[in-house]
Amino acid sequence: MSDPSTVGRQFVDFYYQTFDSNRAGLASLYRDMSMLSFEGQITVGTKNVVEKLTSLPFQQVRHVVATCDAQFGSPNGSILVTVTGQLMIDEETQPQFFTQTFHLYPEGGSFFVYNDIFRLVLGM
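This one's a predicted model, so the numbers in the text were calculated from it and none came from an experiment. (Residues numbered from 1 in each chain as written. Predicted model: local features only at pLDDT ≥ 70, side-chain atom pairs only at ≥ 80, totals over all residues. Heavy atoms only, no water.)

A. Region of the structure containing the overall build of the protein. Regarding its fold elements, the protein presents 2 helices and 6 strands. The secondary structure elements of the protein, listed N-terminal to C-terminal, are α-β-β-α-β-β-β-β. In summary, the protein has a C-alpha radius of gyration of 14 Å against a globular reference of 14 Å for 124 residues, a match within 12%. In terms of overall dimensions, the protein has a C-alpha envelope of 40 × 30 × 25 Å along the principal axes. For the protein, the proportion of its 124 residues judged to be buried stands at 37%. (Helix = DSSP H or I, 4+ residues; strand = E, 2+ residues; numbered from the N terminus. Rg over C-alpha atoms; globule rule 2.2 N^0.38 Å. Buried < 20%, exposed > 50% of the residue type's maximum accessible area, 1.4 Å probe, protein only.)

Given below as structure tokens:
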């Protein structure tokens, strides 16, 4: 079995680098059964998830990861990854804090995002 911490960190690095440079490039990480909860709005399926992510109302974003914790999510080798960090959006000088949890499901020697839950942390 893969080490969850290593897989989680590699996934997070790839995910946010891709998100920050080309959100449409995240499509390969999702499947038709994948679910995204973004600020409480649930989206299902690769096409709908990518549409949601690419329609977010900003031009530039940079994720700064503060913590990345990972552990096995089930006996089948799935991995849960929880991230906290900051978002630098467009020309804003004040970061927005966020938390995001991914449930990575094994598939053919790799993983795809089965669940993706994103929330801004307001009031900090």
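There's plenty left to go through after this.
B. Structural detail: the layout of surface pockets. Roughly 210 Å³ of internal volume is contained in the largest pocket. Lining of the largest pocket is provided by 16 residues; of these, F38, L56, F58, L87 and F118 occupy positions nearest its centre. Along the lines of polarity and charge, the residues of the lining of the largest pocket split into 12 nonpolar, 3 polar and 1 charged. (1 Å grid on protein atoms, 1.4 Å probe; cavity = no way out; pocket = protein on both sides within 12 Å on 5 of 7 lines; lining within 4 Å. Points joined across faces, edges and corners; volume = space filled by probe spheres on them. Nonpolar A, V, L, I, M, F, W, Y, C, P; charged D, E, K, R; others polar.)

C. Summary view of the nonpolar core. One finds F11, Y15, F19, Y30, L53, F102 and L104 to be the most contacted residues of the largest nonpolar core, which totals 26 residues. Mapped by element, the contributors of at least two residues to this core are α1 (4-21), β1 (30-38), α2 (46-54), β4 (79-89), β5 (96-107) and β6 (110-121). With 6 residues, α1 is the largest single contributor of residues to this core. Not counting residues up to four positions away in its chain, the partners in contact with L53 are Y15, F19, R23, L26, Y30 and L36. (Core = buried A, V, L, I, M, F, W, Y, C linked by side-chain atoms within 4.5 Å. Contact = heavy atoms within 4.5 Å.)

D. Representation of the pairing of β6. With 5 bridges connecting them, β1 and β6 associate as parallel partners. Residue F38 lies in a different strand from β6, and its bridge partner there is F118. Of the strand pairs in this sheet, β5 and β6 are connected by 11 bridges, and their pairing is antiparallel. Within the sheet, the bridge partner assigned to L104 lies in β6 and is V113. Where β5 folds back onto β6 in an antiparallel hairpin, the turn is made up of 2 residues, including G108, whose phi is positive at roughly 55°. (Pairing = 2+ DSSP bridges.)

E. Fine view of the UniProt feature "domain: NTF2" (unreviewed entry) in the protein. Here, the residues flagged by UniProt with the feature "domain: NTF2" (unreviewed entry) are residues 7-120. The span residues 7-120 shows a helical share of 21% and a strand share of 52%, and its end C-alpha atoms are spaced 24 Å apart. (UniProt positions renumbered as here; feature names shortened; annotations may be inferred.)

F. Here's a closer look at unusual backbone geometry. Phi at E39 is positive, roughly 55°, even though this residue is not glycine. Following the sequence through the fold, E39 ends up in the loop between β1 and β2 (41-44). Since its relative accessible area comes to 28%, E39 is described here as partly exposed. Here the phi dihedral of D90 falls at roughly 45°; this positive angle occurs in a residue that is not glycine. Looking at where D90 falls in the secondary structure, it is placed in the loop between β4 and β5. With relative accessibility at 33%, the residue D90 sits in the partly exposed group.

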